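Geometric and topological summary
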Amino acid sequence: MLDQGAPPHNGGPAAPHPEGPGMRLMRRKPVERLVAEGGHGEGGTLRRSLGLWQLTMISIGATLGTGIFVVLGEAVPKAGPAVTLSFVIAGLTALFSALSYAELAGTIPVSGSSYSYAYATMGELIAWVCGWCLMLEYGVSVAAVAVGWGEYLNELLDGTIGVTLPAALSAPPGDGGVFNAPALIVVLLAMAFLLGGARESARANTVMVLVKIGALVLFCAIGVQGFRSGNYENFMPLGMAGVSAAGATLFFSYIGFDAASTAGEEARNAQRDLPRAILLSLAIITALYVLVAAVAVGAKPWRQFTDSEATLAQIMREVTGQSFWGTLLAFCAVIAIASVVLTVLYGQTRILFAMARDGLVPKVFARVSPRSGTPRANTLIVSLFCGVLAAAVPLGQLADATSIGTLFAFALVNIAVVVLRRSRPDMPRSFRVPLSPLLPALGFGFCLWMMGSLSTVTWGVFGVWMAVGLVFYFLYGYRRSRLAAPAPSEAK
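As the structure is a prediction and not an experimental result, all values here were calculated from the model.

1. Some points on the overall build of the chain
- Tallying secondary structure elements over the chain gives 19 helices and zero strands in all.
- Buried residues in the chain amount to 60% of all 492 residues.
- Intrachain contacts of the chain at a sequence separation of at least 6 include 84% that bridge at least 24 residues.
- Accessible surface, the chain: about 17700 Å² in total, of which carbon and sulfur atoms supply 66%.

Here it is, written out as structure tokens:
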């Protein structure tokens, strides 16, 4: 429950500095030190300008659109009409983890999200693994969503001026193209907004979120006119295994709710507003996802779904027999998916900011522009990397890789909330997970179950990604970690 009277943290115990290599891997960063460093970067500080409304819009902006506008066409063939159940299962998995996120975000309101939570509870090595997973979650999902943006841009161009971009310039290698130029363009546009400042980016995101909600409501109003109950016969044709497999893929569409937690150092009242923003956004998102999926399957036989990322626009066109509505939805989707790219890219830069401040990645990612109050170099580097990735890698591979990284990070958050309850039971908390440790345990179990539903190839990619991350940590982060040295206040 919410506790509006929770006081801020002040002071706290000094961090231990164990000597043995094994103990160094387990060193934890005290919560008080995490909070005290909040907002401070190299050469400047982040600006606290975001309230509950902006935080909720960031969370919705990072989430709403990825599953419905982009991945639905890939998920329906896996589960059939039961894809609606897949959305519910994925949403339930997200809910358990969201409760844990809400407690930790109100207790440790910093930019590092689950990376910082793991650092305070399970030690540096686990924190690094979590942060490395977040890079996969945020950075790769930016690229994945940017790919879908290009599909809807083609739908819009076709419906308005009767032309489409050639496949060579609108699809990555492996999908019949050479270079996905639209995917790169939308990432660069998001980068331009972020360089302007967090408040300005939040305003632009709010407008885009309202557009995307309006677009989905419009789709339901028109799509329901083509609803056929017969499309729901044989509700679960591929069995529970298909539902689970689709749910694991669709979990990709829920990853954004934790984006609000990456804004902990730019929120005006982080301890009060972060938990509320996380839970409120997840409730809105889940309701819209299930409603739109139900209408989509009712309006189109599940066997006719293809892997096109512009599925909803196609359904609008088929139901009405007119190209206008599909073109209008494509226009809204272009704006909507751009907001996902914007907010998820924002989250990635703030996580790298926190990791750089701890010395685990190069300090260039922690440099803050005194003029704009943003990590400019960080934003430029991350944007260019994600843009090139979006232009060169097919969507399906990106979505599954993102899901496994997200699920692993969420599993760690469910552990972290229990560990912090036991190690610091008297710490003020603005929100508490009910029925703890039962609900965090369920969240952990659901994450493992959905990870097990992903393909062997996805697990192989994840294993390679983690191996690369561990090599980087031991060659760089292990030796340069700032936790090995006393904090400035401790050195006095």
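2. A word on the packing of aromatic side chains
- Under the definition given, this model contains 19 aromatic pairs.
- Between tryptophan 128 and phenylalanine 472 the ring centres are 5.7 Å apart and the planes differ by 10°, which places this aromatic pair in the stacked class. Here phenylalanine 472 lies in helix H18 (residues 456-480) and tryptophan 128 lies in helix H7 (residues 124-160), a separation of 344 residues in the sequence.
- Pairing phenylalanine 446 with tryptophan 449 gives two aromatic rings, centres 6.0 Å apart and planes at 85°, and the pair type is edge-to-face. With phenylalanine 446 and tryptophan 449 both in helix H17 (residues 438-452) and three residues apart, this pair spans about one turn of that helix.
- When the ring centre of tyrosine 478 is taken as reference, the NZ or CZ atom of arginine 27 above it lies at 5.9 Å.
- Across the ring face of phenylalanine 305, the terminal group of lysine 300 is positioned such that the distance to the ring centre comes to 5.5 Å.

3. Things to note about the pattern of salt bridges
- By the definition in use, this model includes 11 salt bridges.
- A salt bridge links glutamate 37 to lysine 29; the shortest N-O distance between them is 2.6 Å. The burial state of glutamate 37 is the same as that of lysine 29; both residues are buried.

4. Regarding helix H11 (residues 239-250)
- Here H11 spans 17 Å end to end across 12 residues, near enough to the 16 Å set by a 1.5 Å rise per residue.
- Every buried residue belonging to H11 is among Gly242, Val243, Ser244, Ala246, Gly247, Ala248, Thr249 and Leu250, and all of these are buried.

5. Comments concerning the confidence of the model for the chain
- Chain-level statistics for the chain give a pLDDT mean of 82 and a share of 89% at 70 or above.
- Within the model, the stretch residues 1-18 combines pLDDT values under 50 with 43 contacts to residues more than four positions away or in other chains.
- Taken together, the stretch residues 487-492 has pLDDT below 50 and engages in six contacts with residues farther than four places along the chain or on a different chain.

6. Quick look at the packing of helix H3 (residues 52-63) against helix H12 (residues 270-299)
- With their axes 8 Å apart at the nearest point, H3 and H12 run at an angle of 40° to one another. Between H3 and H12, the interaxial angle falls into the category oblique. As for the relative orientation of H3 and H12, their crossing is right-handed in sense. Within the contact between the two elements, H3 uses Leu52, Leu55, Thr56, Ser59, Ile60 and Thr63 and H12 uses Asp273, Leu274, Arg276, Ala277, Leu280, Ser281, Ile284, Ile285 and Tyr289.

7. Digging into the environment of glutamate 37
- Structurally, glutamate 37 is set in the loop between helix H2 (31-36) and H3.
- Assessed through its relative accessible area of 13%, glutamate 37 is described here as buried.
- Once the C-alpha coordinates of glutamate 37 and glutamate 265 are considered, the two residues, 228 residues apart in sequence, prove to be 9.3 Å apart.
- In contact with glutamate 37, not counting residues within four places along its chain, are Lys29, Arg357 and Asp358.

The rules we used
Per-chain numbering applies: the sequence of each chain, read as written, is numbered from 1 onward. Thresholds applied to this predicted model are a pLDDT of at least 70 for local features of residues and 80 or more for the giving and counting of side-chain atom pairs; totals over whole chains, interfaces and linings are not thresholded and use all residues. Side-chain numbers come from the whole structure's heavy atoms, not from hydrogens or water. Every helix listed is a DSSP run of H or I at least four residues long, and every strand listed is a run of E at least two residues long, numbered separately from the N terminus. Think of it in three bands: with a 1.4 Å probe and only protein chains considered, a residue is buried below 20% of the maximum accessible area for its type, exposed above 50%, and partly exposed in between. Here, residues are in contact when the closest pair of their heavy atoms is within 4.5 Å. Surface exposure here means Shrake-Rupley accessible area, sampled with a 1.4 Å probe, where a residue is shielded only by the protein chains that are shown. A pair of Phe, Tyr and Trp rings is counted when the ring centres sit within 6.5 Å of each other, with Trp represented by its six-membered ring. The angle between the planes then sorts it: under 30 degrees is stacked, over 60 is edge-to-face, the rest tilted. Think of it as a cone above the ring: NZ of Lys or CZ of Arg counts as a charge over the ring if it is within 6 Å of the ring centre and within 35 degrees of the ring normal. Any Lys or Arg side-chain nitrogen found within 4 Å of a carboxyl oxygen on Asp or Glu counts as a salt bridge. Helix span, expected: 1.5 Å multiplied by one less than the number of residues in the helix. The pLDDT value tells you how sure the predictor is about a given residue, anywhere from 0 up to 100. Here an angle of 0 to 180 degrees is reported between the N-to-C directions of two axes, which are lines fitted to C-alpha atoms, with helices fitted over the stretch in contact. Comment on the angle field: the value is read as roughly parallel under 35 degrees, roughly antiparallel over 145, roughly perpendicular from 65 to 115, and oblique elsewhere. Crossings are classed by handedness, with left-handed meaning an anticlockwise turn of the near helix from the far one by less than a right angle and right-handed meaning a clockwise turn.

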